[in-house]
Amino acid sequence: MKYASRKFVDLIQGATSKWANWDPPRNIAVGDYGMIINETGEFDWEGNIYSPDFQEQLKSSKYKFDIDMTDPALRPEKTGRRGRPIYRQIMGSPVPGVANVALKLDLQFDGSKPAAVLVMHKPRYSSLPNDERIIRLLKSMVDTLKGKYIVTEVISCAAYMMHLSDQSNRKFSVTLKATGPVTPAINAGGAAGFTWFSEATYGLSHQGSASTAKYVPLYRLKKPRAKFWEWPFGQRGNEQNDDAIDR
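Residues numbered from 1 in each chain as written. Predicted model: local features only at pLDDT ≥ 70, side-chain atom pairs only at ≥ 80, totals over all residues. Heavy atoms only, no water.

Caption draft 1: Quick look at the nonpolar core. Of all hydrophobic cores here, the largest spans 46 residues; its most connected members are Phe8, Ile49, Met69, Leu137, Leu138, Tyr219 and Leu221. With six residues, the single largest contributor to this core is strand S8 (residues 149–157). Setting aside chain neighbours within four positions, we find leucine 221 in contact with Trp19, Ile36, Phe43, Tyr149, Ile150 and Val151. The next biggest cluster of nonpolar side chains, apart from the first, holds 16 residues, and it includes Phe109, Ala115, Met161 and Tyr202. (Core = buried A, V, L, I, M, F, W, Y, C linked by side-chain atoms within 4.5 Å. Buried < 20%, exposed > 50% of the residue type's maximum accessible area, 1.4 Å probe, protein only. Helix = DSSP H or I, 4+ residues; strand = E, 2+ residues; numbered from the N terminus. Contact = heavy atoms within 4.5 Å.)

In structure tokens form, the structure reads like this:
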């Protein structure tokens, strides 16, 4: 029998090309590397390219590159919400003029197949910088990283709701309410908290809320192809400038 987590991960990946984190309180960070547990779809962490341990391994690499990962240009790039939602199917909408309601979502499942919903309030993005030194670092650690997935982007938020439906033809409604007045100070990430309200009495739901973007419901993985490790340093082949770590 297929695990519920694997069903959810597969459905979200089909809509977004990103991986869902079935346990959003569990931290996943840019630069993490590891494998995917096939049965559950969960990320099996092995290390992080920014960690002191990885830097020590880099010093013993046969490729003697002096790459300072504390350089601000090499640190993960952090941004707020981008110009458009990730995908309309998984994003809720703010409710202007309604006291304390930060977001409300109403869906109708057609009942023909299982469906997944992932709602994130004010997502924040963090990603690997597009820098040649990152590529050189990865290539120099072929014994550690070859065959592994690398986390190139994470999307965090202060409140999330995930729901996996069965094949029932039913409605799904969820509302996110702030614990105080919805003001610019709160929206900017002040000390306000949030509470979820859902009318779903079927399927499987996870939810969480906090005053800071502590949850990681969604992330992007890249697994470099075999030829990534074979290219000589300084020759980039047919890599795309905006996606150097090709899957």
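Caption draft 2: Structural context of the packing of aromatic side chains. What the rule picks out here adds up to six aromatic pairs. On the basis of an interplanar angle of 55° and a centroid distance of 5.4 Å, the ring pair of phenylalanine 8 and tryptophan 22 is categorised as tilted. Residue phenylalanine 8 is located in helix H1 (residues 4–16), and its partner tryptophan 22 is located in the loop between strand S1 (19–20) and strand S2 (32–36); the two are separated by 14 residues in the primary sequence. Phenylalanine 8 gets classed as buried once you look at its relative accessible area, which sits at 0%. Seen from the ring of phenylalanine 228, lysine 139 lies directly overhead, with NZ or CZ sitting 4.4 Å from the centre. (Phe/Tyr/Trp six-rings, centres within 6.5 Å; stacked < 30°, edge-to-face > 60°. Lys NZ or Arg CZ within 6 Å of the ring centre and 35° of its normal.)

Caption draft 3: Examining the sheet that holds strand S9 (residues 159–164) more closely. Read from one edge of the open sheet, three strands run S6-S9-S12, paired in antiparallel fashion. One side of each edge strand has no neighbouring strand; the edge strands of this open sheet are strand S6 (116–121) and strand S12 (204–209). The mean angle between the axes of side-by-side strands here comes to 5°, regardless of whether they run parallel or antiparallel. In this sheet, S12 lies alongside S9 in antiparallel orientation, the contact comprising six bridges. Looking across to S12, one finds that methionine 162 is bridged to histidine 206. (Pairing = 2+ DSSP bridges. Axes fitted to C-alpha atoms, helices over the stretch in contact; angles between N-to-C directions.)

Caption draft 4: Structural context of the environment of asparagine 21. Tracing the backbone through its elements, the reader meets asparagine 21 in the loop between S1 and S2. Residues asparagine 21 and valine 216, 195 residues apart in the sequence, show an inter-C-alpha distance of 6.8 Å. In this structure the side chain of asparagine 21 is engaged in a polar contact, spanning 2.9 Å, whose partner is the backbone oxygen of valine 216. (Polar contact = N/O pair within 3.5 Å; in protein donor to acceptor, adjacent residues only side chain to side chain.)

Caption draft 5: Structural detail: the environment of glutamine 57. Take glutamine 57: it is sitting in helix H2 (residues 52–59). Expressed as a C-alpha distance, the spacing of glutamine 57 and methionine 141, which sit 84 residues apart in the sequence, is 8.1 Å. Glutamine 57 has contacts with Tyr33, Met141 and Thr144, leaving out every residue within four places of it along the chain.

Caption draft 6: Looking closely at the pattern of salt bridges. Going through the model one piece at a time under the given rule, you end up with eight salt bridges. Across the pair arginine 6 and aspartate 10 runs a salt bridge, and its minimum N-O distance is 3.0 Å. Placement of the pair is arginine 6 and aspartate 10 together in helix H1, with a separation of four residues, close to one helical turn. Residue arginine 6 is classed as buried on the basis of its relative accessible area of 13%. Here aspartate 71 and arginine 133 are joined by a salt bridge, their closest N and O atoms 2.9 Å apart. Of the two residues, aspartate 71 is situated in the loop between H2 and strand S4 (77–79) and arginine 133 in helix H3 (residues 132–140); the sequence distance between them amounts to 62 residues. Classification of aspartate 71 as partly exposed rests on a relative accessible area of 22%. Under the relative-accessibility criterion, arginine 133 is labelled partly exposed at 26%. Ionic contacts of the salt-bridge type, sharing partners, join the residues Lys2, Arg6 and Asp10 into one network. (Salt bridge = Lys/Arg side-chain N within 4 Å of Asp/Glu carboxyl O.)

Purely geometric stuff here, so don't read any function into it on its own.
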